[in-house]
Amino acid sequence: MQPTSTTQVPLLRSLGLSLAALLLGACASHGEHRATPSNSAADADTTSFPDPRKATLKEGLFVDVDNLRLFARGMSKRQLYSLLGTPHFGEGMWGVHEWNYLFNFRSTPGGDYFTCQFKVDFDGKGIAQAAHWKPQACAAVLDPPRPPAPPAPAPMPSEPLRLAADAMFAFDSAVLTPEGRRNVDALLQQVRDASRVQTIQVIGYTDRIGSDRYNLVLSQRRAEAVRDALVAGGVPAAAIVAEGRGKADPLVQCEQAQRKALIVCLAPNRRVELSGRALPR
C-alpha cells in the first residue's frame, strides 16, 4: 500500500464534506411537505389551477355556502368529501395532493351567477393544509351575510291623530272603556314605530261645559289613561308626553240653548290627540 501523501489529505477532506452535504440535502428533499394556509392576493398569483375546460363538471356546481364555510385546515379527505362532494377534475382519494372544484354562486337570488375555482392542498397523510380561490375575489363569498337593514320607522302623520273622547271614556270618567282600548290598540303599531325616533305627544281636551279647573284635571287624566295604554302595548314610557289642556283649542263653536243639543254639538272638542315631535339633535 502506498502511503498517503500530504497533498492528498485536504482533497479527501473536501470530498468527504461534499458527500455529507449531498446526503443531507437528499434527506431534506424527501421529508414531508406541509403547505401553509393562504388566501392572499399574492398567493392567488403563484398558485396554479387546472384548466376549467378539463373539469369533469364543466358547468360547475352550485355549492351550499354554509357547507363551504365549514372548511378548515386539518380536515381529512373523507370529511371534505362529505362536505363538498367529489372534486371536479378527476382527482382520486389516494395519492393526490390537491382537489379542485368549480363552484357557482348567484349574485342575487334567481339572478345571474358567476363561477369560481376552489382548490384544497393536502399533505402526505391526506390532511387539508390550505385553500385557494381563483379569482381571489371569490373568497368574499364566505363573508357572513349582512344583517337586513332595519325598517325605516313610520313617521307620525303631519296632522294629529284624533280620538273622540266620547268613544274612549264614559261620561265624566277618565277610565278607558273596552271600545276605547280597542281604539288605542288600532294605533299601537304606528305609534310604536314612530316612538323610535320621536316623542309622542298625547293631549287631552274637554268641551267648555264645566269649570276651567275641573276640565283641565279631567283632560290631564284622560291623556294619562291613553299614555298608560300605549306603554302597556310596548311604547317606551320615556317617549310619551301626556298633557291636558282642558277646553283650549276648540274645533267647533256651538251656541245651542238646549243642553243636550249643546253637548252633541260640542262632541268634536272632547278628544284626545296624538302627534309626533322630532327629538332635539
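In this report, we go over the structure that sits alongside the text. (Residues numbered from 1 in each chain as written. Predicted model: local features only at pLDDT ≥ 70, side-chain atom pairs only at ≥ 80, totals over all residues. Heavy atoms only, no water.)

Things to note about the overall build of the protein chain
Next up, step 1: For the protein chain, the helix and strand inventory stands at seven helices and eight strands.
Next up, step 2: In the protein chain, the proportion of contacts linking residues at least 24 apart, taken out of those at least 6 apart, comes to 64%. (Helix = DSSP H or I, 4+ residues; strand = E, 2+ residues; numbered from the N terminus. Contact = heavy atoms within 4.5 Å.)

Some thoughts on the pattern of salt bridges
Next up, step 1: If you walk through the whole model with that rule in mind, you get 11 salt bridges.
Next up, step 2: The closest approach of N and O atoms between Arg53 and Asp51, which form a salt bridge, is 2.8 Å.
Next up, step 3: Residue Arg53 is classed as exposed on the basis of its relative accessible area of 67%.
Next up, step 4: A salt bridge links Arg270 to Asp166; the shortest N-O distance between them is 2.8 Å. Taken together, the residues Arg270 in the loop between helix 7 (259–265) and strand 8 (271–278) and Asp166 in the loop between strand 5 (161–164) and helix 5 (178–194) connect sequence positions 104 residues apart.
Next up, step 5: Sharing partners across several salt bridges, the network here consists of Arg162, Arg271 and Glu273. (Salt bridge = Lys/Arg side-chain N within 4 Å of Asp/Glu carboxyl O. Buried < 20%, exposed > 50% of the residue type's maximum accessible area, 1.4 Å probe, protein only.)

What to know about the sheet that holds strand 4 (residues 128–134)
Next up, step 1: The strand order 1-2-3-4 describes an open sheet built from four strands, whose pairing is mixed. Each edge of the sheet is formed by a strand with only one pairing partner; in this case those strands are strand 1 (61–62) and strand 4.
Next up, step 2: Sitting on the sheet, helix 4 (residues 77–84) touches strand 2 (98–106) and strand 3 (113–122), and the angle it makes with strand 2 is about 20°. (Pairing = 2+ DSSP bridges. Axes fitted to C-alpha atoms, helices over the stretch in contact; angles between N-to-C directions.)

Quick word on the state of the cysteines
Next up, step 1: One pass over the full model with this rule turns up two disulfides.
Next up, step 2: Sulfur-sulfur distance for the disulfide between Cys116 and Cys138 comes to 2.0 Å. Of note, the bridge from Cys116 to Cys138 carries an S-S torsion of about -80° and is left-handed in sense. With Cys116 in strand 3 and Cys138 in the loop between strand 4 and strand 5, this pair connects stretches of sequence that are 22 residues apart.
Next up, step 3: Residue classification places Cys138 among the buried residues on the basis of a relative accessible area of 5%.
Next up, step 4: Here Cys254 engages in a disulfide with Cys265; their sulfurs sit 1.9 Å apart. Its S-S torsion of approximately -80° makes the covalent link between Cys254 and Cys265 left-handed. One end of the pair, Cys254, is in the loop between strand 7 (240–244) and helix 7; the other, Cys265, is in helix 7, with 11 residues separating them in the sequence.
Next up, step 5: You can call Cys254 buried: its relative accessible area is 1%. (Disulfide = S-S within 2.5 Å.)

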